[in-house]
Amino acid sequence: MKTIVLGLSGSIACYKGAEAASLLTQKGYQVYTVMTAAAEEFITPLTLRSLTGNPVFNDMFEDKTTHISLAKEADLILVAPATACCISKLAGGIVSDLLTLTIISSNAAVLICPAMNEQMYKNKIIQDNIEKLKKYGYHFLGPYEGWLSCGYRGKGRLADVMDIVVEAEKLIQ
Ligand SMILES: Cc1cc2nc3c(=O)[nH]c(=O)nc-3n(C[C@H](O)[C@H](O)[C@H](O)COP(=O)(O)O)c2cc1C
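Figured I'd write up the structure that's included with this text.

About the criteria used
Per-chain numbering applies: the sequence of each chain, read as written, is numbered from 1 onward. Two thresholds apply to this predicted model, a pLDDT of at least 70 for residue-level local features and 80 or more for giving and counting side-chain atom pairs, whereas whole-chain, interface and lining totals are computed over all residues. Secondary structure counts use DSSP, requiring at least four H or I residues in a row for a helix and at least two E residues in a row for a strand, with both numbered from the N terminus. Neighbour counting defines burial: a residue surrounded by 20 or more other C-beta atoms within 10 Å of its own C-beta is buried, one with 12 or fewer is exposed, and intermediate counts give partly exposed, using backbone-placed C-beta atoms. Two residues qualify as being in contact provided that their C-beta atoms, derived from the backbone, are within 7 Å of each other. Residues are counted as near a molecule or strand when the C-beta atom, derived from backbone positions, lies within 6 Å of that molecule or strand. Throughout, the ten residues Ala, Val, Leu, Ile, Met, Phe, Trp, Tyr, Cys and Pro are labelled nonpolar, Asp, Glu, Lys and Arg are labelled charged, and all others, Gly among them, are labelled polar. Here the rule is simple: two strands pair whenever DSSP picks up at least two bridges between them. The nonpolar core criterion groups buried Ala, Val, Leu, Ile, Met, Phe, Trp, Tyr and Cys residues into a set whenever they are joined through C-beta atoms within 7 Å. For helices, the fitted line uses only the C-alpha atoms of the stretch in contact; every axis is such a line through C-alpha atoms, and the angle between N-to-C directions lies from 0 to 180 degrees. Any angle that is under 35 degrees is reported as roughly parallel, and any over 145 degrees as roughly antiparallel; angles of 65 to 115 degrees are reported as roughly perpendicular and all others as oblique. By convention, the crossing between two helices is left-handed when the near helix turns anticlockwise from the far helix through less than a right angle, and right-handed when the turn is clockwise. In this analysis, the expected span of each helix is defined as 1.5 Å times one less than the number of residues it contains.

**Brief notes about the overall build of the chain**
Phase 1 of the analysis: Along the backbone of the chain there are 8 helices and 8 strands.
Phase 2 of the analysis: Looking at the 173 residues of the chain, the share that counts as buried comes to 45%.
Phase 3 of the analysis: Restricting to contacts in the chain with at least 6 residues of sequence separation, those with at least 24 account for 74%.

Listed below in structure tokens is the structure:
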């Protein structure tokens, strides 16, 4: 059975990350979720634990080997939604939470699905960070144009969940 480590960072689109977790679980993947503290402001670990049937990880200091075993077991690391903060931490090698620590410690393919306000997405610092990660082989999907929770249309919306699942399956082969 292939293993996907699903990272959720602190975006309103976390509920869509939960849908991706459910769809991937239904397709027979072993899904382990890692949530940032900010992600837990939007959705609870219980939701992900219930949808995946697996424990949810969030505390870097709970067990000294969690990030190593997640990093090793992962056939794919999917970050959906990925915040500007999470992307920028990765680009800077700042591994101050379990999600970034796991990603940086892994040789698995990484698929990042950004979700943020359009102005954040267009910010040159964020664009530079995305380009840097692409240069180092990180895969990106989205963001899409469409309705943003800030109350207008623009580019920043999380990619459609079905597209995320299709892309994840492509990368895991
Ligand atoms: C209501 C609300 C919605 C937010 N949505 C997003 C978002 O979609 N994308 C984003 O990059 N940041 C968003 N933020 C800001 C992040 O939650 C914040 O930068 C946080 O530090 C991200 O931490 P993390 O990357 O460790 O999860 C939002 C904040 C609030 C209060």
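**Some details on the site of the ligand**
Phase 1 of the analysis: Neighbouring the ligand are 16 residues, the closest being Ser-9, Gly-10, Ser-11, Ala-38 and Thr-83.
Phase 2 of the analysis: Per-element accounting of the shell around the ligand gives the leading share, 3 residues, to helix H4 (residues 84-92).
Phase 3 of the analysis: Looking at side-chain class alone, the shell around the ligand contains 10 nonpolar, 5 polar and 1 charged residues.

**Observations concerning the pairing of strand S7 (residues 144-148)**
Phase 1 of the analysis: One ladder, built from 5 bridges, connects S7 with strand S8 (residues 152-157); its direction is antiparallel. Residue pairing in the sheet places Tyr-144 in a bridge with Arg-157 of S8.
Phase 2 of the analysis: From the end of S7 to the start of S8, which pair antiparallel, there are 3 residues, and Gly-151 there has a positive phi angle of about 105°.

**Some points on the sheet that holds strand S5 (residues 109-114)**
Phase 1 of the analysis: Within the open sheet, the 6 strands sit side by side as S3-S2-S1-S4-S5-S6. Their pairing is parallel. The sheet is open, and its two edges are formed by strand S3 (56-57) and strand S6 (139-140), each paired on a single side.
Phase 2 of the analysis: Here strand S1 (residues 3-8) pairs with strand S4 (residues 76-82) via 4 bridges, running parallel. Paired with Gly-7 across the bridge in S4 is Val-79.

**Comments concerning the nonpolar core**
Phase 1 of the analysis: Within the largest apolar cluster, 55 residues are counted, with the highest numbers of intra-cluster contacts made by Ile-4, Leu-6, Ile-77, Leu-78, Ala-80, Ile-87 and Cys-113.
Phase 2 of the analysis: At 6 residues, the largest contribution of residues to this core is made by S4.
Phase 3 of the analysis: Not counting residues within four places of it along the chain, the set of residues in contact with Ile-4 comprises Leu-24, Tyr-29, Val-31, Ala-74, Asp-75, Leu-76, Leu-78 and Ala-168.

**Quick word on the packing of H4 against helix H7 (residues 124-135)**
Phase 1 of the analysis: Relative to each other, H4 and H7 sit at 55°, their axes nearing to 9 Å. Classified by the angle between their axes, H4 and H7 sit oblique to one another. For the element pair H4 and H7, the recorded crossing hand is left-handed. Together, Ala-84, Ile-87, Ser-88, Leu-90 and Ala-91 of H4 and Ile-126, Asn-129, Ile-130, Lys-132 and Leu-133 of H7 make up the contact between the two elements.
Phase 2 of the analysis: The residue inventory of the contact of H4 with H7, partitioned by class, reads 7 nonpolar, 2 polar and 1 charged.

**Comments concerning H7**
Phase 1 of the analysis: With 12 residues, H7 should cover 16 Å at 1.5 Å per step; its first-to-last C-alpha distance of 16 Å lies within 8% of that length.
Phase 2 of the analysis: Directly beyond the C-terminal end of H7, a positive phi value near 95° is found at Gly-137.

**Digging into the environment of Ser-96**
Phase 1 of the analysis: Here Ser-96 shows up in the loop between H4 and helix H5 (98-104).
Phase 2 of the analysis: C-alpha separation for the pair Ser-96 and Met-60, spaced 36 residues apart in sequence, amounts to 8.5 Å.

**Description of the environment of His-67**
Phase 1 of the analysis: Mapping His-67 onto the fold places it in helix H3 (residues 66-73).
Phase 2 of the analysis: It is 6.6 Å that separates the C-alpha atoms of His-67 and Leu-101, two residues lying 34 residues apart in sequence.
Phase 3 of the analysis: With sequence-adjacent residues up to four places away left out, His-67 is seen in contact with Met-60, Leu-98, Leu-101, Thr-102 and Ser-105.

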